[in-house]
Structure formats: C-alpha cells, structure tokens
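Single-letter residue listing:
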Amino acid sequence: MGSGAGTHEGVESGGTAVAAALAGAPARLRQVRTQRRLTLAEVAHETGISRSTLSRLETGQRRPTLELLLALSETYRVPLDDLVGAPDVGDPRIRLKPGRVKGRTVIPLSRQPDSMQAWKIVIPTDKVHPEPRAHDGHEWLYVLSGRMRLVLGDKDWILGPGEIAEFDTQVPHWFGSTGEAPAEILSIFGRPGERMNDRTPEH
C-alpha cells in the first residue's frame with residue numbers, strides 16, 4: 001500500500017512539473033522568436049506550421065505538442081528545454097528524443113541554450129527538392145553515412161561519408177538527399193560570433 005501511494009505521489013509531482021514547464025512555453029516561444037527577429041509569417045514558412053497555430057501557441061490558447069516544439073526548436077536553433085523551461089530533475093542522463101521536421105528525423109544532441117547546438121539528422125531518400133533559406137549564424141555539416149546534396153547560394157555539391165561543409169547561414173542554403181538512399185549527418189550550429197577551432201578546406 002505504501003509503495004502504491006509513493007508511486008502516485010511521484011506521478012502527481014512529475015505531472016505538476018510538466019504542467020509548470022508548459023505554462024511558461026507561450027512567453028518563451030514569443031521571446032525566442034523576437035530574439036531571432038522573425039515574424040509569425042516567416043516562422044510559418046520555415047516550419048510549415050500555420051500562422052494561426054503559431055499565434056495560439058504564443059498566447060497560450062493551444063497546448064504545444066512535441067512535434068510542434070521540435071519543428072520550432074530546429075527553426076530557432078535552440079534546445080527543446082529552452083522553449084518549455086523543462087525543470088531540472090537531477091538526472092545527468094540525456095534522453096535523446098527523436099522527432100520529425102519537414103520529413104526528416106532530427107535528434108537534438110545538446111541542451112545548453114547559450115552554446116553551439118548539435119543535431120543528428122536522418123535525411124530520407126525523397127527529400128530531393130531544394131528549399132533554400134537564410135538566417136543568422138554559422139553551420140557545420142558532417143556526413144556520417146550515405147550521400148548528401150548541399151545547395152549553397154549558386155553552388156551545388158554532393159558530399160559523402162567523412163566529408164564536412166562549413167558555411168555562413170546568411171547565404172541561402174539547403175541540404176537533402178541525392179535520391180539514391182537515406183543519409184545521416186551531424187549538424188552543428190553556432191550563433192553569430194561563435195566559431196569552431198578547425199577550419200574546413202573548401203570543396
């Protein structure tokens with residue numbers, strides 16, 4: 001009986017913590033978007049989420065789902081925790097939670113909002129149509145497996161396993177599949193002013 005009561009108490013406590021974290025999501029979503037100097041229309045275009053849904057998320061009229069938060073996390077280049085203010089549960093283990101953004105499987109590998117952001121991305125074979133976008137920052141892409149197509153400005157490259165690309169994200173860019181097979185990549189994104197120590201030679 002005592003064990004059951006303890007379990008119930010733990011579940012209730014966890015639910016309260018989650019509710020508190022989600023309660024602060026609207027203000028955080030609005031703050032991050034404002035810091036990125038993006039309009040609702042621009043975010044809607046980048047994520048595929050309707051402008052009305054984005055507005056309702058920021059005003060608290062709609063409860064955020066993992067799918068919506070992951071899309072916004074990828075677009076804003078911040079960890080999920082930074083969007084919802086997830087409480088510190090005292091567990092040092094990082095639980096990688098994959099999600100889908102624009103048909104890709106995305107796994108966040110970093111949690112610190114003020115540092116570079118790392119992601120593992122699985123690109124399906126059908127992601128072959130370029131949709132270039134530009135935003136502040138700097139990005140590094142490392143191909144783990146498969147072959148990736150990278151469109152950067154007016155240039156078009158094919159990268160294979162072990163190859164790296166580094167570029168200013170203010171240049172319109174897109175990366176996707178060659179149409180042959182899925183590709184797995186690591187993406188590291190740095191905000192303006194952040195740089196990695198090693199420079200990658202031009203391809």
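Chemist: Looking at this model, I keep getting lost on the nonpolar core. Mind explaining?
Modeler: Side chains of a nonpolar character, in soluble globular proteins, are inclined to be buried together. Core analysis: the largest hydrophobic core is formed by 16 residues, its most contacted members being Ile121, Leu141, Met148, Leu150, Phe175 and Ile185. Apart from the residues lying within four places of it in its own chain, the contact partners of Met148 are Ile123, Leu141, Val143, Trp157, Ile158, Leu159, Phe175, Gly176, Thr178 and Ile185. Of all hydrophobic cores here, the second largest spans 15 residues; its members include Ala44, Leu57, Leu69 and Leu72.

Chemist: Looking at this structure, how should I read the sheet that holds strand β8 (residues 173-177)?
Modeler: Within a sheet, each strand pairs with its neighbour through backbone hydrogen bonds, oriented either parallel or antiparallel. A sheet is described by the order of its strands in space; here 3 strands give the open sequence β6-β5-β8, paired in antiparallel fashion. One side of each edge strand has no neighbouring strand; the edge strands of this open sheet are β6 (155-159) and β8. Taking the axes of each pair of neighbouring strands and ignoring which way they run, one obtains an average angle of 20 degrees across the sheet. Summarising the sheet, strand β5 (residues 148-152) and β8 pair through 5 bridges and their orientation is antiparallel. Of the residues in β8, the one forming a bridge with Arg149 is Gly176.

Chemist: Would you take a moment to explain unusual backbone geometry for this structure?
Modeler: Excluding glycine, residues mostly have negative phi values, and the peptide bonds linking residues are mostly trans. Even without a glycine there, the phi angle at Arg37 is positive, about 55 degrees. With respect to the helices and strands, the residue Arg37 is situated in the loop between α2 (25-35) and α3 (40-47). A relative accessible area of 67% means that Arg37 is categorised as exposed.

Chemist: Explanation requested: the packing of α3 against helix α5 (residues 66-76) in the structure shown.
Modeler: Geometry of a packed helix pair, given as the angle between the helix axes and the separation of the axes. At a minimum axis separation of 10 Å, α3 and α5 run at an interaxial angle of 105 degrees. By the angle between their directions, the pair α3 and α5 is classed as roughly perpendicular. Where α3 abuts α5, its residues Val43, Glu46 and Thr47 lie against Ala71, Leu72, Thr75 and Tyr76. Here the residues of the contact of α3 with α5 sort into 4 nonpolar, 2 polar and 1 charged.

Chemist: What should I look at first to understand the side chain of Ser187 in this one?
Modeler: Here Ser187 lies in strand β9 (residues 183-190). Of note is the side chain of Ser187, whose polar atom sits 2.6 Å from the side chain of Glu139. Ignoring anything within four residues of it in the chain, the contact list for Ser187 reads Arg77, Gln117, Ala118, Trp119, Ile121, Glu139, Trp140 and Leu141.

Chemist: Teacher, can you tell me more about α3 here?
Modeler: Every α-helix winds through 3.6 residues per turn, so residues three or four apart in the chain are directed the same way. Taken together, the buried positions of α3 are occupied by Leu40, Val43, Ala44, Glu46 and Thr47. For α3, the angular spread of the buried residues around the axis is 165 degrees, confining them to a single face. Buried residues along α3 sit in contact with α2, α4 (51-59) and α5. Looking one or two residues beyond α3, the residue adopting positive phi is Gly48, at roughly 85 degrees.

Chemist: Looking at this structure, how should I read the sheet that holds strand β2 (residues 104-108)?
Modeler: In space, the 6 strands of this open sheet follow the order β1-β2-β3-β9-β4-β7, with antiparallel pairing throughout. The open sheet terminates on both sides in strands that have one partner only, identified here as β1 (99-101) and β7 (164-168). Direction aside, the axes of adjacent strands within the sheet are offset by 30 degrees on average. Direction of pairing for strand β3 (residues 117-123) relative to β9: antiparallel, over a ladder of 7 bridges. Counted as the bridge partner of Ala118 is Ile188 from β9. Sheet strands touched by α5: β1, β2 and β3. Its angle to β1, the strand with the most contacts, is close to 60 degrees.

Chemist: Even after reading the chapter, I still don't get the environment of Ser52, so can you show me in this structure?
Modeler: Inspection of the secondary structure assignment puts Ser52 in helix α4. Counting along the chain gives 12 residues from Ser52 to Leu40, while the straight-line C-alpha distance between them is 8.7 Å. At a separation of 3.2 Å, a polar atom in the side chain of Ser52 contacts the side chain of Ser50.

Chemist: Which parts of the structure should I look at to understand the pattern of salt bridges?
Modeler: Two side chains of opposite charge can pair, provided their charged atoms sit close to one another. One pass over the structure, following the stated rule, counts 7 salt bridges. A salt bridge links Glu58 to Arg33; the nearest nitrogen and oxygen atoms lie 2.6 Å apart. Placement of the pair is Glu58 in helix α4 and Arg33 in helix α2, with a sequence separation of 25 residues. Here Glu58 matches Arg33 in class, with each residue buried. Linking Arg133 and Glu46 is a salt bridge whose minimum nitrogen-to-oxygen distance equals 3.1 Å. One end of the pair, Arg133, is in the loop between β3 and β4 (138-145); the other, Glu46, is in helix α3, and 87 residues separate them in sequence. Accessibility assignment for this pair places Arg133 and Glu46 in one class, buried. In this structure, a network of salt bridges that share partners links the residues Glu46, Glu74 and Arg133.

About the thresholds
- Within any chain, residue numbers begin from 1 and follow the written order of that chain's sequence.
- Owing to the predicted nature of the model, reporting of local features is limited to residues with pLDDT of at least 70; listing and counting of side-chain atom pairs is limited to 80 or more, with chain, interface and lining totals taken over all residues.
- Side-chain metrics rest on all non-hydrogen atoms present in the structure, leaving aside hydrogens and water.
- Remark: nonpolar core denotes a set of buried residues (Ala, Val, Leu, Ile, Met, Phe, Trp, Tyr, Cys) joined through side-chain atoms within 4.5 Å.
- Throughout, exposure labels follow a simple rule: accessible area from a 1.4 Å probe, protein chains only, divided by the maximum for the residue type, with under 20% read as buried, over 50% as exposed, and the rest as partly exposed.
- We call two residues in contact when some of their heavy atoms are within 4.5 Å.
- Strand pairing is defined by DSSP finding a minimum of two bridges between the two strands.
- Numbering of helices and strands runs from the N terminus, with a helix taken as a DSSP run of H or I at least four residues long and a strand as a DSSP run of E at least two residues long.
- Simply put, an axis is a line fit to the C-alpha atoms, just over the touching stretch for a helix, and the angle between two N-to-C directions goes from 0 to 180 degrees.
- With respect to orientation, any angle under 35 degrees is reported as roughly parallel, any angle over 145 as roughly antiparallel, any angle of 65 to 115 as roughly perpendicular, and every other angle as oblique.
- Polarity classes work like this: nonpolar for Ala, Val, Leu, Ile, Met, Phe, Trp, Tyr, Cys and Pro, charged for Asp, Glu, Lys and Arg, and polar for all others, with Gly in that last group.
- Between N or O atoms, a polar contact is any pair within 3.5 Å; within protein, one atom must be a potential hydrogen donor and the other a potential acceptor, and residues adjacent in sequence are included only when both atoms are from side chains.
- Starting at the helix axis, one direction is taken to each C-beta atom, and the arc is that of these directions.
- Note on definitions: salt bridges are taken to be side-chain nitrogens of Lys or Arg within 4 Å of carboxyl oxygens of Asp or Glu.

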